[in-house]
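Fold and geometry: a report
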Amino acid sequence: MTGSTATSDQVVAAARTWVGTPYQHQMSCKGAGSDCLGLVRGVWRDVVGAEPVPIPAYTYDWSEVSKAEVLWNSARQVLQDVDTETPLAPGQVLLFRMRKTAVAKHLGILVTVGQTPRFIHAYARHGVVETSFSAPWQRALTARFTFPPHA
């Protein structure tokens, strides 16, 4: 997508090409292995271009002890915030807090809205899947972002 702006259709199409990729912590290789951050990184490469920053190694429990919102703050640096008043839209990057008192550290990409909203994400023992953006997932939603245009 060099020289263009990523549309929501392009983001959704790119995300769907990752479905079926096995879960692998810290990886971002379509078909071989990915975690939730790796999925978003891979879609970035598909629709925006080269990744903007190197990703340091991270553990499964990253940020939990310090309570630092590392993923949220990092996302704000490279993605574009979506205001809470803006309706949900396909192609938005979703950030989740898996427990009310935990740091936000799970990502997905919204692919459909309406009566049966769906999103794509990666998680252990399931890999990259497209699943219902059900009420429990909606309650865990912490922030939304869009991919920036390619510079």
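This text goes with the structure placed above it.
Presented here is a report on the structure given in the accompanying data block. Quick caveat, the model's predicted, so the values are computed rather than measured.

The next subject is the packing of aromatic side chains. Applying the stated criterion to the full structure yields six aromatic pairs. Seen from their ring centres, F119 and F133 are 5.6 Å apart, and the 70° between their planes marks the pair as edge-to-face. Linking F119 in strand 6 (residues 118–123) with F133 in the loop between strand 7 (127–132) and helix 4 (135–140), this pair joins segments that are 14 residues apart in sequence. Among the aromatic side chains, those forming a connected cluster through ring pairs are F96, F119, F133 and W137.

Geometrically, a packed helix pair is captured by the angle between its two axes and the distance between the axes. At a minimum axis separation of 9 Å, helix 1 (residues 8–16) and helix 2 (residues 36–47) run at an interaxial angle of 125°. In terms of orientation, helix 1 lies oblique with respect to helix 2. In terms of crossing hand, the pair formed by helix 1 and helix 2 is right-handed. Residues Q10, V11, A14 and A15 of helix 1 pack against L39, V43, D46 and V47 of helix 2. Of the residues belonging to the contact of helix 1 with helix 2, the class tally is six nonpolar, one polar and one charged.

Right, let's get into unusual backbone geometry. Of note, Q26 is a non-glycine position whose phi angle comes to about 70°, a positive value. For Q26, the location among the structural elements is in the loop between helix 1 and strand 1 (28–29). Despite not being glycine, R125 shows a phi value in the positive range, around 70°.

Next up on the list: the environment of P136. Considering the arrangement of structural elements, one finds P136 in helix 4. A relative accessible area of 49% places P136 in the partly exposed class. Taking the C-alpha atoms as reference, P136 lies 9.7 Å from M98; in sequence the two are 38 residues apart.

Pairing within the open sheet is antiparallel, and its six strands lie in the order 3-8-4-5-6-7. Unpaired on one side and paired on the other, strand 3 (80–81) and strand 7 mark the two borders of the sheet. As paired elements, strand 6 and strand 7 share six bridges and run antiparallel to each other. When the sheet's bridge partners are listed, R118 is paired in strand 7 with S132.

Right, let's get into helix 2. Residue pairs three or four apart in sequence face the same way in an α-helix, which turns once every 3.6 residues. In this model helix 2 runs 17 Å from its N-terminal to its C-terminal C-alpha over twelve residues, within 8% of the 16 Å that 1.5 Å per residue would give. Across the twelve residues of helix 2, ten count as buried, placing the element largely inside the fold. Within the sequence span of helix 2, burial applies to C36, L37, G38, L39, V40, R41, G42, V43, W44 and V47. The N-cap residue of helix 2 is D35: its side-chain oxygen and the backbone nitrogen of L37 are 3.3 Å apart. Remark: G49 follows helix 2 within two positions and exhibits a positive phi of approximately 135°.

As a further point, take helix 3 (residues 70–78). Those residues of helix 3 lying buried are L71, W72 and A75. All buried residues of helix 3 fall inside an arc of 100° around its axis, so they share one side. Along its buried surface, helix 3 packs onto helix 2, strand 4 (93–97), strand 5 (104–112) and strand 8 (141–146).

Basis of the calculations
- Residues numbered from 1 in each chain as written.
- Predicted model: local features only at pLDDT ≥ 70, side-chain atom pairs only at ≥ 80, totals over all residues.
- Heavy atoms only, no water.
- Phe/Tyr/Trp six-rings, centres within 6.5 Å; stacked < 30°, edge-to-face > 60°.
- Helix = DSSP H or I, 4+ residues; strand = E, 2+ residues; numbered from the N terminus.
- Axes fitted to C-alpha atoms, helices over the stretch in contact; angles between N-to-C directions.
- Parallel < 35°, antiparallel > 145°, perpendicular 65-115°, else oblique.
- Left-handed = near helix turned anticlockwise from the far one by under 90°.
- Contact = heavy atoms within 4.5 Å.
- Nonpolar A, V, L, I, M, F, W, Y, C, P; charged D, E, K, R; others polar.
- Buried < 20%, exposed > 50% of the residue type's maximum accessible area, 1.4 Å probe, protein only.
- Pairing = 2+ DSSP bridges.
- Expected span 1.5 Å × (residues − 1).
- Polar contact = N/O pair within 3.5 Å; in protein donor to acceptor, adjacent residues only side chain to side chain.
- Arc of directions from axis to C-beta.

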